[in-house]
Amino acid sequence: MAAPLELSCWGGGWGLPSVHSESLVVMAYAKFSGAPLKVNVIDNTWRGSRGTQPGKGTGKYNADYELSAKQGADTLAYIALLEEKLLPAVLHTFWVESDNYFTVTKPWFASRIPFPLSLILPGRMSKGQIVSSPAETHKLRK
């Protein structure tokens, strides 16, 4: 049996294993593909966060090796569709829409990030999404 992949991530809430969306993607991929995954939850410690978001971890696993060329292409097309259409909507809902950010997202993330980073990182993450959103990118190009 292969050594398990390792993922370091913030803890979760509301029934989710992590607040970090990219970590949830890795966990879902491991679950659906049967890849061995060891999750290291980083809660309220300085060891895991140095002013940035948690890392994805180490190791590689490919669940697509048995797919035909057409199935592989379909998988890539579906992933591209989700990343292009759904991801911006989710990120906007969490980080850009102010009512949701201040009542849900900021308190949720701040509860999982050690002090004083809990005062800094949610705002930094929100500003990063605002700058990288398509509407803001379009405004910056003008």
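Residues numbered from 1 in each chain as written. Predicted model: local features only at pLDDT ≥ 70, side-chain atom pairs only at ≥ 80, totals over all residues. Heavy atoms only, no water.

*Asks:* Please provide a residue-by-residue account of the pairing of strand β1 (residues 5-10), values included.
*Replies:* As paired strands, β1 and strand β2 (residues 37-42) are joined by six bridges and run parallel to one another. If you follow Ser 8 over to β2, its bridge partner there is Asn 40. Crossover connection from β1 via helix α1 (residues 21-33) to parallel β2: handedness right-handed. (Pairing = 2+ DSSP bridges. Helix = DSSP H or I, 4+ residues; strand = E, 2+ residues; numbered from the N terminus. Right-handed = clockwise from strand over helix to strand, strands pointing away.)

*Asks:* Describe helix α3 (residues 98-110), naming the residues involved and giving the relevant values.
*Replies:* For an α-helix, 3.6 residues make a turn, and residues three or four places apart therefore share a direction. Over its 13 residues, α3 runs only 16 Å from end to end, short of the ideal 18 Å by more than 12%, given 1.5 Å per residue. Listed as buried for α3 are Asn 100, Tyr 101, Val 104, Thr 105, Trp 108 and Phe 109. (Expected span 1.5 Å × (residues − 1). Buried < 20%, exposed > 50% of the residue type's maximum accessible area, 1.4 Å probe, protein only.)

*Asks:* Hey, could you go over the packing of aromatic side chains for me, with residue numbers and the actual values?
*Replies:* Working definition: an aromatic ring pair is given by the centre-to-centre distance plus the angle between the planes. The full count for this structure, using the stated rule, is five aromatic pairs. Relative to Phe 109, the ring of Trp 95 lies with its centre 4.8 Å away and its plane at 65°, an arrangement referred to as edge-to-face. Here Phe 109 lies in helix α3 and Trp 95 lies in helix α2 (residues 69-96), a separation of 14 residues in the sequence. Side by side, Trp 95 and Phe 109 carry an identical accessibility label, which is buried. On the numbers, 6.0 Å between centres and 75° between planes, the contact of Trp 108 with Phe 109 is edge-to-face. Just as Trp 108 is buried, Phe 109 falls in that class too. Among the aromatic residues, those joined into a ring-pair cluster are Phe 94, Trp 95, Tyr 101, Phe 102, Trp 108 and Phe 109. (Phe/Tyr/Trp six-rings, centres within 6.5 Å; stacked < 30°, edge-to-face > 60°.)

*Asks:* Kindly report on the side chain of Ser 18, identifying the contributing residues and their values.
*Replies:* With respect to the element layout, Ser 18 can be found in the loop between β1 and α1. Take Ser 18: its relative accessible area is 0%, and that puts it in the buried class. Apart from the residues lying within four places of it in its own chain, the contact partners of Ser 18 are Cys 9, Trp 10, Gly 11, Gly 12, Ser 23, Leu 24 and Met 27. (Contact = heavy atoms within 4.5 Å.)

*Asks:* Explain the environment of Gln 71 residue by residue, including any values.
*Replies:* By secondary structure assignment, the location of Gln 71 is in helix α2. We classify Gln 71 as partly exposed; its relative accessible area is 41%. Looking at Gln 71, its side chain comes within polar contact range of the main-chain nitrogen of Ser 68, at 2.9 Å. (Polar contact = N/O pair within 3.5 Å; in protein donor to acceptor, adjacent residues only side chain to side chain.)

*Asks:* Go over the nonpolar core, please, and point to the residues and values.
*Replies:* In a soluble, globular protein the nonpolar side chains are often hidden away together inside. Among the nonpolar cores identified, the biggest contains eleven residues, and these are Trp 10, Val 19, Leu 91, Trp 95, Tyr 101, Trp 108, Phe 109, Ile 113, Leu 117, Leu 121 and Met 125. Those elements that provide at least two residues to this core are α2, α3 and α4 (117-132). (Core = buried A, V, L, I, M, F, W, Y, C linked by side-chain atoms within 4.5 Å.)

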